[in-house]
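Below, each chain spelled out in residue letters.
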Amino acid sequence: MTTLHIEKLAWAVGLMDGAKRIIAADPSTATIQQIGLSLYLLIGFSIENALKSVIEENGQLSGKLKHSHNLKDLLVKVTECGLSLTPEIDEFIRDMSPYYPLFLERES
């Protein structure tokens, strides 16, 4: 097994641990230190995959967008494909967009 594979496996184990902590956390008292970075990664992955699925369904997922982790760019393309989001969800995605790639850098 190469070093890269070991690092990817360790990252996957870390995400699984984070997911377990999220599930076990008491939502009324949990802090980000208890839940960890995994929460943001999992939210980001979910948003990215949801946006890309809409774009792909419309036959528009190609080139840079296919490999993009830029949630704001994906959001713009989804809107062009006709998806209408609530202002709160739109704002949340735009607010998270600058930070999500920073979390992904830890993955590589």
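Residues numbered from 1 in each chain as written. Predicted model: local features only at pLDDT ≥ 70, side-chain atom pairs only at ≥ 80, totals over all residues. Heavy atoms only, no water.

Novice: Please provide a residue-by-residue account of the pattern of salt bridges, values included.
Specialist: For the structure on display, the rule yields three salt bridges. We note a salt bridge from lysine 52 to glutamate 48, for which the minimum N-O separation is 2.8 Å. You can see lysine 52 and its partner glutamate 48 sitting in helix H3 (residues 38-57), four residues apart, about one turn around the helix. Using a relative accessible area of 10% as the deciding quantity, one classes lysine 52 as buried. Judged by its relative accessible area of 6%, glutamate 48 falls in the buried class. Here aspartate 90 ties to arginine 94 by a salt bridge, and the two come within 2.7 Å at their closest N and O atoms. With a gap of four residues between them, aspartate 90 and arginine 94 both fall in helix H6 (residues 87-96), about one helical turn apart. (Salt bridge = Lys/Arg side-chain N within 4 Å of Asp/Glu carboxyl O. Helix = DSSP H or I, 4+ residues; strand = E, 2+ residues; numbered from the N terminus. Buried < 20%, exposed > 50% of the residue type's maximum accessible area, 1.4 Å probe, protein only.)

Novice: Tell me about helix H5 (residues 71-80), and name the residues and values.
Specialist: Inspection of H5 places Leu71, Leu74, Leu75, Lys77 and Val78 among the buried residues, and these make up the whole buried set. Angular distribution of buried residues about the axis of H5 spans 165°; they occupy a single face of the element. Regarding H5, its N-cap is asparagine 70, as a side-chain oxygen of that residue lies 3.0 Å from the backbone nitrogen of lysine 72 further along. Positive backbone phi, approximately 105°, marks glycine 82, located one or two places after H5. (Arc of directions from axis to C-beta. Polar contact = N/O pair within 3.5 Å; in protein donor to acceptor, adjacent residues only side chain to side chain.)

Novice: Describe the side chain of lysine 77, listing the residues and the values that go with them.
Specialist: With respect to the helices and strands, lysine 77 occurs in helix H5. A residue is classified by how much of its surface remains accessible, and lysine 77, at 19% relative accessible area, is buried.

Novice: Go over the packing of aromatic side chains with me, naming the residues and quoting the values.
Specialist: One pass over the structure, following the stated rule, counts one aromatic pair. Taking the centre distance of 6.1 Å and the plane angle of 85° together, the rings of phenylalanine 45 and tyrosine 100 count as edge-to-face. Remark: tyrosine 100 occurs in helix H7 (residues 100-105) and phenylalanine 45 occurs in helix H3; sequence separation between them is 55 residues. What makes phenylalanine 45 partly exposed here is its relative accessible area of 21%. (Phe/Tyr/Trp six-rings, centres within 6.5 Å; stacked < 30°, edge-to-face > 60°.)

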